[in-house]
Amino acid sequence: MALVNRLQFFSPSQSSTHFRKPKSVNFHPICSLYYDSSSSSSPFTEKHSFERYQRDEWLYANQVEQITACSFPPDSDSIRQDDIALQLPELKRLLQVLREKRESEGCGGGKCGPGNVFLVGTGPGDPELLTLKAVRVIQSADLLLYDRLVSNDVLDLVGPDGRLLYVGKTAGYHSRTQEEIHELLLSFAEAGATVVRLKGGDPLVFGRGGEEMDFLQQQGIRVKVIPGITAASGIAAELGIPLTHRGVANSARFLTGHSRKGGADPLFVAENAADIDSTLVVYMGLSTFPSVSLKLIHYGLPPNTPAVAVERGTTPQQRTVFAELKDLSQRITSAEFVSPTLIIIGKVVALSPLWPLSLKEASCLVEAK
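Presented here is a report on the structure given in the accompanying data block.

About the criteria used
Residues numbered from 1 in each chain as written. Predicted model: local features only at pLDDT ≥ 70, side-chain atom pairs only at ≥ 80, totals over all residues. Heavy atoms only, no water. Helix = DSSP H or I, 4+ residues; strand = E, 2+ residues; numbered from the N terminus. Buried < 20%, exposed > 50% of the residue type's maximum accessible area, 1.4 Å probe, protein only. Pairing = 2+ DSSP bridges. Axes fitted to C-alpha atoms, helices over the stretch in contact; angles between N-to-C directions. Contact = heavy atoms within 4.5 Å. Core = buried A, V, L, I, M, F, W, Y, C linked by side-chain atoms within 4.5 Å. Phe/Tyr/Trp six-rings, centres within 6.5 Å; stacked < 30°, edge-to-face > 60°.

### Here's the deal with unusual backbone geometry
Part 1 of the argument: The omega torsion of the bond from S339 to P340 falls at 0 degrees, within 30 degrees of zero and hence cis.
Part 2 of the argument: Positionally, P340 belongs in the loop between α11 (325-335) and β12 (341-345).
Part 3 of the argument: Backbone geometry at F206 places phi at a positive 55 degrees, although glycine is not the residue there.
Part 4 of the argument: For F206, the position within the fold is in the loop between β6 (195-199) and α7 (209-218).
Part 5 of the argument: By relative accessible area, which is 38% here, F206 ends up partly exposed.
Part 6 of the argument: You will see that E336, though not glycine, has its phi angle at about 55 degrees, which is positive.

Laid out in structure tokens, this is it:
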């Protein structure tokens, strides 16, 4: 049963496992939207960015005048719960508007079936890497649920009638749980809306798109996936790195440096990925890379294997560090890289025109294969 039929799923009056009523509507929710200047240079929708607040302002219609009235409280879970408590009235109203619109079109009582859900990949950040199909769907959606790694430039493409709802996740802060995202998608689809789930990169590459697709299909909702350029492809192309190259790398492997609870340990994965004839691409690996790199070397990758770390790839804020595998972790730390950062490891990295070694040295490295 969906949110539209049982709003108590999001009711602040429920137990602490759901959302509790805020003690003061004027405190926690507004603090969570406070403008954080440290994220102002990011092309992405950081959870406290001013741009994100402007796009989600319709959800906080009665709180605008208090936006600068306070500072952050220490409890991020309270921030999240109180934000959602404030969003509920506007979400309910939007659901009602969509229902009435559907009934006016002769679709009352479910005669026309549910709306469509699109899982849309927005690529690594550059809006020009979007597919034409993705742009068309983004511009025609009724509601768009977007992640933290969807760039602000991509969100600028949303049509004038589209409503945006931030559901991003970052370490230590989930604006929505995955189960809540499932319920939102289902509720609005059942109301007949065209719902777009915007994800950075490709929705089916470390994007949990498969989980959302499986949940919705089990509820009888038709799901369409519009692929995006995953970070590995987009960033490698930006740097002139071929992920595979005859005589250098005969395969490419995408690894996650961050595992869910109960999932495969990234260090265990690294043990089985130390192949000198493959290109390794590590997503979400900033915190674990020091250990992962040691594991890769321990299990057979030469310490001088070319590697590169790329922060905010394909955007104007892109920063890049090239180094041999043994030195890359220290270089990342010195540069104070932040998420999102992608790491590419393998002999193909030396084929980039940006590789700091001389072309002669890079050529010798490749020919040594």
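### Considerations on the sheet that holds strand β10 (residues 306-311)
Part 1 of the argument: A sheet is described by the order of its strands in space; here five strands give the open sequence β8-β9-β12-β10-β11, paired in mixed fashion. Taken across any chain shown, the strands that pair with only one partner, and hence form the sheet edges, are β8 (251-256) and β11 (319-324). Direction aside, the axes of adjacent strands within the sheet are offset by 15 degrees on average.
Part 2 of the argument: Sheet analysis places strand β9 (residues 278-283) next to β12, joined by three bridges and oriented antiparallel. Each bridged residue has a counterpart across the sheet, and for V282 the counterpart in β12 is I343.
Part 3 of the argument: Where helix α8 (residues 231-239) meets the sheet, it contacts β8, β9, β10, β11 and β12, and its direction lies at approximately 70 degrees from that of β12.
Part 4 of the argument: On top of the sheet, α11 reaches β10, β11 and β12; it is set at about 150 degrees to β11, its chief contact.

### Observations concerning the nonpolar core
Part 1 of the argument: Counting residues in hydrophobic clusters, the biggest one holds 27 residues, and the most contacted among them are V117, L145, L165, F188 and L216.
Part 2 of the argument: Elements with a contribution of two residues or more to this core: α3 (76-104), β1 (117-121), β2 (143-146), α6 (178-190) and α7.
Part 3 of the argument: Of the residues forming this core, the biggest block, six residues, is contributed by α6.
Part 4 of the argument: Leaving out residues up to four positions away in the same chain, L216 has contacts with V117, H182, L185, L186, I221 and V223.

### Topic: the side chain of S293
Part 1 of the argument: Relative to the assigned elements, S293 resides in helix α10 (residues 289-298).
Part 2 of the argument: In this structure, S293 is in contact with L325 and S329, ignoring residues within four places of it in sequence.

### A look at the packing of aromatic side chains
Part 1 of the argument: Tallied over the entire structure, the rule returns four aromatic pairs.
Part 2 of the argument: For the ring pair F322 and W355, a centre distance of 6.0 Å and an interplane angle of 75 degrees mean the geometry is edge-to-face. Of the two residues, F322 sits in strand β11 while W355 sits in the loop between β12 and α12 (359-367), which places them 33 residues apart along the sequence.
Part 3 of the argument: Judged by its relative accessible area of 6%, W355 is buried.
Part 4 of the argument: Through a chain of ring-to-ring contacts, the aromatic side chains of F206, F254 and Y283 assemble into a single cluster.

Geometric descriptors of this kind do not, in isolation, establish any biological role.
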